[in-house]
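Observations on chain architecture
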Amino acid sequence: MLRDPMVTAVQEKTGAGKSVDADLARRAFRTMLLARATEEKLAALYRAGMIKGGVFLGKGQEALSTASAIFLRKGDIFGPLIRDQAGRLAFGDTVLDTLRTYLGSAKGPMRGRDGNIHRGRPKEGYYAMISHLGALIPVVAGGLYARRLRGETGVVGVTSIGDGATSTGAFHEGVNLAAVERLPLVVVVANNQYAYSTPNNRQFACADLLDKAAGYGIAGFKCDGTDPAACLETLHLAVQAAREGHGPQLVVATLLRLVGHGEHDDAGYVDPGLRKANVGRDCLDVGAAQLIEAGTATAADIAAWTKEAQAEVEAALNKAQREKGPDPDTEDWQAISTEHLVEGQYDTEDE
Amino acid sequence: MSVTYLEAIRAAQEKALSDDPRVFIYGQDVGVFGGAFKATKNLAAEFPGRVMDSPLSEDAIVGMAIGAAIEGARPIVEMQFADFSTVGFNQIVNQAATLYYRTDVPCPIVVRLPSGGTLGAGPFHSQSMEAIYSHYPGLVVMTPATVEDAYSMLLEAVAIDDPVIFCEHKLLYYHLKADKLPDTAQPAGKARIARAGRDATVVTYSAMLHESLQAAEELVEEGWQIEVIDLRTVKPLDTDTVLASVARTGRLLVVGEAWPWGGVTAEVISRIATEGFGLLDAAPMRLNAKDTPVPYHPDLWAAHRPTASAVAARLRKLLTQ
Ligand SMILES: Cc1ncc(C[n+]2csc(CCOP(=O)(O)OP(=O)(O)O)c2C)c(N)n1
């Protein structure tokens, strides 16, 4: 039996688009600002030794991350990864829950059981990544599949991935499976030139990661990840195409991570030339200039929004810092939900 | 001068590369960057073309090492964290582990697993996977607890003609120090009496050796002499050394950082119960992590893993039983 040939379109978006109105542009920019303010605070807390474990930030990727989630609505699925603080906020995560998770508050969504970027609220379509890169792609595909089974239509799932993790088996298997099932999945590749220290020329040999879209028989988009307007325009189209039933969409954005892999890492391996090139622009600077030029905001507006974002972070920190961590003595220490099948901690009891 | 556990691992790889042209190192960020933990620092410069960054592809990394080993190379593969070896699991347990049995061609690869819990590392950067790999026939599983063993066992791992899973503990990387690297070594597969005693035997390995030694120290003040055995290699398991110790002490506690169901501690107890039941004056005991993923929060983590005080408490129970 012959299958319908899939629409394989490759589109490149640059500059301001028509489909993104001023309101949305403002909302997106404020989300970027809030993410940046949140992450700056996280970095400061890390340096002060107040966060246990690593801190992994997305500085420079706020535009792409925001755009990934801002077109989603209730009932959609978002599966963010390491550098998606902005997208998480756009999807409805809060600064408070972010700080709670980093500080180990029992009131956070992860209750101290997991930390930092490994957070989510699956019941709300906000999936919680595991560290194993690539692993979330088939999971988001599965979420979409279940929604289809339930007869829900017009649902979209977005998940993101780095250039490095496009080399995983899970990426290949997940994207291929989504293509075969024609699921409304948008996979956003943040091609930030490095996977930890590994440059792209040690990661893949294709001329452009977008070439992979054709191999899977899915649509592909590319955009300048440092350009907020281009990111919004591109993701708007990709999400819409998925929502309208055109199957998986691969979005490849080019940008640079403007921080280390984690806050422990000085990123000395990054080619200084890249930092000075277009790819090394700070999307917040680009976004501010775009808003001012379009008359969507003034420099004074942006300064005020920045202050507001910082104040929101301060307020959330005040609250999160006063909350208690989990109490090992009252923890249930149960890894399964079926009460009568819980073995109990026979091994470590009463110590 | 002193040398850390991590430096010993680096030095062993340096020696392996310089002694044997068949050796190469492959893994994520192991090249110029020197690895996530710097276990291959400067090796790429010292040995051009033999210490290479891989793509982010654990399955392919291990598979590639296996192919190279078939052709006579001696690859050392670094997993960035032990936890990510699950992505290369199929290649390790089905390809590497079965090769010799099926084809009479051995598979001399070393897979280095930065293992075990550290503060704030959470569910996916803390796992102890020795039991899982030991379950599969065809693999040697090493769990060095000392700087000397980290060095000499890694060299031995490279020399061994079979696939070796080298579980190095991240908690020991920077803090555990020795005066110098060893010139001689006990062979793999032999356990070591890390502390002699007469009242009870603690059998353990990897980072739990240090918790157990501390617990034994604590009990000296209470008048107890605890013998502590470091298994060093969990597969093969040196049952004889454990049996001989239990013959002297009559009491056995087995301590491991991995999860309680099955695993190394259960295996030791099962062997001593079947082969040395008559030697036991009390029911053997064991202590493991709790049966949940490794929690992120420091307070939960401290309660999740066995600590010196938990080992001491368990020993008090064992001694008064
Ligand atoms: C399966 C797997 N292997 C290894 C790692 C360790 N690791 C964490 S981040 C990272 C680099 C990721 O690079 P990329 O996918 O490009 O994303 P970026 O960090 O650039 O956002 C690696 C190797 C992991 N998390 N998962």
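Scoring rules and cut-offs
- Residues numbered from 1 in each chain as written.
- Chains lettered and ligands numbered in written order.
- Predicted model: local features only at pLDDT ≥ 70, side-chain atom pairs only at ≥ 80, totals over all residues.
- Heavy atoms only, no water.
- Helix = DSSP H or I, 4+ residues; strand = E, 2+ residues; numbered from the N terminus.
- Rg over C-alpha atoms; globule rule 2.2 N^0.38 Å.
- Buried < 20%, exposed > 50% of the residue type's maximum accessible area, 1.4 Å probe, protein only.
- pLDDT = per-residue confidence, 0-100.
- Phe/Tyr/Trp six-rings, centres within 6.5 Å; stacked < 30°, edge-to-face > 60°.
- Lys NZ or Arg CZ within 6 Å of the ring centre and 35° of its normal.
- Domains from an automatic or database assignment.
- Buried area = accessible area lost by both parts, 1.4 Å probe.
- Salt bridge = Lys/Arg side-chain N within 4 Å of Asp/Glu carboxyl O.
- Nonpolar A, V, L, I, M, F, W, Y, C, P; charged D, E, K, R; others polar.
- Near = heavy atom within 4 Å.
- Polar contact = N/O pair within 3.5 Å; in protein donor to acceptor, adjacent residues only side chain to side chain.
- Areas by Shrake-Rupley, 256 points an atom, 1.4 Å probe, with all protein chains shown as cover.
- Contact = heavy atoms within 4.5 Å.
- Axes fitted to C-alpha atoms, helices over the stretch in contact; angles between N-to-C directions.
- Parallel < 35°, antiparallel > 145°, perpendicular 65-115°, else oblique.
- Left-handed = near helix turned anticlockwise from the far one by under 90°.
- Pairing = 2+ DSSP bridges.

1. Regarding the overall build of chain A
- The helix and strand inventory of chain A stands at 11 helices and 8 strands.
- At 21 Å, chain A has a C-alpha radius of gyration in line with the 20 Å of a compact globule built from 351 residues.
- Oriented by its inertia axes, the alpha-carbon framework of chain A measures out at about 60 × 60 × 40 Å.
- Looking at chain A as a whole, 56% of its 351 residues are labelled buried.

2. A look at the confidence of the model for chain B
- For chain B, per-residue confidence averages 98 on the pLDDT scale, and residues scoring 70 or more make up 100% of the total.
- Confidence estimates for the predicted assembly give a pTM of 0.95 and an ipTM of 0.93.

3. Concerning the packing of aromatic side chains
- Considering all chains together, one arrives at 14 aromatic pairs over all chains under this definition.
- When the ring of Phe81(B) is compared with that of Phe84(B), the centres are 5.9 Å apart and the planes differ by 85°; the resulting orientation is edge-to-face. Take Phe81(B) and Phe84(B): they sit in the same class, and that class is buried.
- Following the ring pairs from residue to residue traces out a cluster consisting of Tyr5(B), Phe37(B), Phe81(B), Phe84(B), Tyr173(B) and Tyr174(B).
- The ring of Phe33(B) has Lys38(B) sitting right over it, with the charged end atom 3.5 Å from the ring centre.
- Cation over ring: Lys290(B) sits above Trp333(A), and NZ or CZ is 5.1 Å from the ring centre.

4. Structural notes on the domain arrangement of chain B
Residue and element names in this part refer to chain B.
- Along its sequence, chain B is carved into domain 1 (3-178) and domain 2 (192-319).
- Between domain 1 and domain 2, the C-alpha centre-to-centre distance is 26 Å.
- Surface buried jointly by domain 1 and domain 2 totals about 2100 Å² across both partners, of which 60% is contributed by carbon and sulfur atoms.
- Of all residues in domain 1, the largest losses of buried area upon contact with domain 2 belong to Glu-130, Thr-143 and Ala-145, amounting jointly to 20% of the total for that side.
- Between the two partners, domain 1 and domain 2, sit 1 salt bridge.
- With its nearest N and O atoms 2.8 Å apart, the salt bridge here joins Arg-232 to Asp-149.
- Counting residues per element, the ones that place at least two in the side of domain 1 that touches domain 2 are helix H5 (130-135), strand S6 (140-142) and helix H6 (147-159).
- At 4 residues, H5 tops the list of elements feeding residues into the side of domain 1 that touches domain 2.
- When grouped by side-chain class, the residues that make up the side of domain 1 that touches domain 2 number 15 nonpolar, 13 polar and 2 charged.

5. Comments concerning the site of the ligand
- Taken together, 19 residues are adjacent to the ligand, and Arg83(A), Ser131(A), Gly164(A), Asn192(A) and Glu58(B) come closest.
- Within the contact set of the ligand, an oxygen atom lies 2.8 Å away from a side-chain nitrogen or oxygen of Arg83(A).
- Contact between the ligand and Gln80(B): a nitrogen atom at 3.3 Å from a side-chain N or O atom of the residue.
- Here the ligand, which alone exposes 580 Å², has 95% of that area covered by the protein.
- When the residues that make up the shell around the ligand are grouped by side-chain class, the tally is 8 nonpolar, 8 polar and 3 charged.

6. Overview of the side chain of Arg286(B)
- Tracing the backbone shows Arg286(B) in strand S14 (residues 285-287).
- A polar contact of 3.3 Å, which involves the side chain of Arg286(B), links it to the side chain of Asn288(B).

7. Description of the interface of chain A and chain B
- Of the residues lining the interface, 47 residues belong to chain A; the matching set on chain B comes to 42 residues.
- Where chain A meets chain B, there are 12 residue pairs in polar contact (both at pLDDT 80 or more).
- In terms of residue count, the dominant contributor to the side of chain A that touches chain B is helix H4 (residues 95-103) of chain A (3 residues).
- Split into classes, the residues belonging to the side of chain A that touches chain B amount to 15 nonpolar, 19 polar and 13 charged.

8. Things to note about the packing of helix H5 (residues 136-149) of chain A against helix H6 (residues 169-181) of chain A
Residue and element names in this part refer to chain A.
- Direction vectors running N to C along H5 and H6 enclose 20°, while the axes themselves pass 8 Å from each other. Our classification of the angle between H5 and H6 gives roughly parallel. Every pair of crossing elements has a handedness; the one defined by H5 and H6 is left-handed. When H5 is examined against H6, the residues Ile-137, Pro-138, Ala-141, Tyr-145 and Arg-148 are found in contact with a partner set consisting of Ala-170, Phe-171, Gly-174, Val-175, Leu-177, Ala-178 and Glu-181.
- In terms of residue class, the contact of H5 with H6 is made up of 9 nonpolar, 1 polar and 2 charged.

9. Side note on the sheet that holds strand S5 (residues 110-115) of chain B
Residue and element names in this part refer to chain B.
- Taken in spatial order, the 7 strands make up an open sheet running S3-S2-S4-S5-S7-S6-S12, and their pairing is mixed. At either margin of the open sheet sits one strand with a lone partner, and together these are strand S3 (51-53) and strand S12 (233-235). The average angle at which neighbouring strand axes cross in this sheet is 20°, direction not considered.
- Sheet topology note: the strand S2 (residues 23-27)/strand S4 (residues 74-78) ladder contains 5 bridges and is parallel. Across the sheet, residue Val-23 finds its bridge partner in S4, namely Arg-74.
- Sheet strands touched by helix H3 (residues 58-70): S2 and S4. Its angle to S4, the strand with the most contacts, is close to 170°.

10. Considering the packing of helix H1 (residues 5-19) of chain B against H6(B)
Residue and element names in this part refer to chain B.
- Closest axis-to-axis distance for the H1/H6 pair is 8 Å, and the angle between their directions is 25°. One finds that H1 runs roughly parallel with respect to H6. Crossing angle aside, the handedness with which H1 passes H6 is right-handed. Taking contact as the criterion, the partners of Tyr-5, Ala-8, Ile-9, Ala-11, Ala-12, Gln-13, Lys-15 and Ala-16 in H1 are, on H6, Val-147, Ala-150, Tyr-151, Leu-154, Leu-155 and Val-158.
- Its residues placed into classes, the contact of H1 with H6 shows 12 nonpolar, 1 polar and 1 charged.

11. Observations concerning the side chain of Asn200(A)
- Looking at the element boundaries, Asn200(A) is found in the loop between strand S6 (198-199) and helix H7 (211-216).
- Setting aside residues no more than four positions away along its own chain, Asn200(A) makes contact with Asp163(A), Asn191(A), Gln193(A) and Tyr194(A).

12. Some points on the sheet that holds strand S11 (residues 226-230) of chain B
Residues and elements named next belong to chain B.
- One open sheet accounts for 5 strands, arranged S9-S11-S10-S13-S14; its pairing is mixed. Each edge of the open sheet carries a strand with a single partner, namely strand S9 (192-195) and S14. Going across the sheet, the axis of each strand differs from the next one's by a mean of 25°, ignoring polarity.
- Relative to S11, S9 is paired through 3 bridges, and the arrangement is antiparallel. Across the sheet, the residue bridging to Arg-192 is Asp-230, located in S11.

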